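# Architecture and fold: a report
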Amino acid sequence: MMKMVGILFALSLSACGAESAKLSRMSLQVYNYSGEDIMSVKTGNGEGGMIGLDGTKLGGVTGTGIICCLSVKSGAKELDLLVEYAGKKQVLIKAPVEQNPWPAMPGYLTLHFLPRNEVVAEISPIHAFPRRDLIERQMKKYKLKQEVPFSDVMDNGPVVSGR
C-alpha cells in the first residue's frame, strides 16, 4: 500500500512539473495612466480580480498594491485581458509583453494602462515602477497635452534582468 502511495505521489509531482514548465506563477500590479476608472482585470485564463483603480489626469498615475497570484503562459508575447471599466461593459484588450526573452526568474506581471484602451504588459523579477516613457510615447502618438507634472518615480523605465 505504501509503495502505491509513493508511486501516485511521484506521478503527481511529475505532472505538476510538466505543467509548471508551461506556466509562470507571478504577482500582479497595475498602473493606470488613463482617465478611466478600472474596476477589474482578468487574464485570458480568468485569473486576476477586482482592483478598483481610479483614473487620473494625463501625466499622472494611480496604482495598486501587489495582487497575488496568477499564472501566465511562459514566454508569452501577448496577453488577452478582460478589463471592466467603471460604468462600461467588459472590454477584451490584447496587451503586448515587452520582454523578449522573458527574465530568467519572472516574479511580477505589471500592467500599464494607457489612454485610448492601450495596455503594455511588463514581466520582471522584481516589482516595477510607473514609467514616464510609456505615457510620453502615448501623448506624442495621439498629440495629447500633459495635464499634471510627472512624478520622479516615473523616471526608472522598464525593469530588466540584472539591473
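For every chain, the first residue of its written sequence is number 1, and the numbers climb from 1 along that sequence. Local features in a predicted model are, by the rule used here, given only for residues with pLDDT of at least 70; side-chain atom pairs are given and counted only at 80 or more, and totals for whole chains, interfaces and linings are based on all residues. In computing side-chain properties, one takes all heavy atoms of the structure into account and sets aside hydrogens as well as water.

- Looking at an unreviewed UniProt entry, the chain carries the name DUF3304 domain-containing protein, with the source organism given as Jeongeupia chitinilytica.

### Looking at the pattern of salt bridges
- Salt bridge, as used here, is a side-chain nitrogen of Lys or Arg placed within 4 Å of a carboxyl oxygen of Asp or Glu. Across all of its chains, the model carries 7 salt bridges by this definition.
- The shortest N-O distance in the salt bridge between arginine 131 and glutamate 98 comes to 2.6 Å. Taken as a pair, arginine 131 in the loop between strand 9 (118–124) and helix 2 (132–142) and glutamate 98 in the loop between strand 7 (90–96) and strand 8 (108–114) lie far apart in primary sequence, 33 residues in all.
- According to the relative accessible area criterion, arginine 131 is buried, its value standing at 1%.
- The rule is simple: take the accessible area with a 1.4 Å probe, protein chains only, and divide by the maximum for that residue type; under 20% is buried, over 50% is exposed, in between is partly exposed. Residue classification places glutamate 98 among the partly exposed residues on the basis of a relative accessible area of 32%.
- The shortest N-O distance in the salt bridge between aspartate 133 and arginine 131 comes to 2.8 Å.
- Residue aspartate 133 is classed as partly exposed on the basis of its relative accessible area, which comes to 32%. The way it works is that DSSP assigns letters per residue, a run of H or I at least four long becomes a helix, a run of E at least two long becomes a strand, and they are numbered from the N terminus.

### Overview of the nonpolar core
- Nonpolar cores were defined as sets of buried Ala, Val, Leu, Ile, Met, Phe, Trp, Tyr and Cys residues, with membership established by side-chain atoms within 4.5 Å. Membership of the largest hydrophobic core comes to 24 residues, with the highest contact counts inside it found for Ile38, Leu79, Leu81, Leu109, Leu111 and Phe113.
- When contributions to this core are tallied by element, the ones reaching two or more residues are strand 1 (23–32), strand 2 (38–43), strand 3 (48–53), strand 5 (67–73), strand 6 (78–85), strand 7, strand 8 and strand 9.
- At 4 residues, the largest contribution of residues to this core is made by strand 6.
- When checking whether two residues touch, look at their non-hydrogen atoms; a contact exists if any pair is within 4.5 Å. Here phenylalanine 113 is in contact with Val30, Tyr31, Asn32, Tyr33, Ser34, Ile38, Val41, Val83, Tyr85, Glu118 and Val119, once residues within four sequence places are set aside.
- Counting residues in hydrophobic clusters, the runner-up holds 10 residues, among them Leu114, Val120, Leu134 and Phe150.

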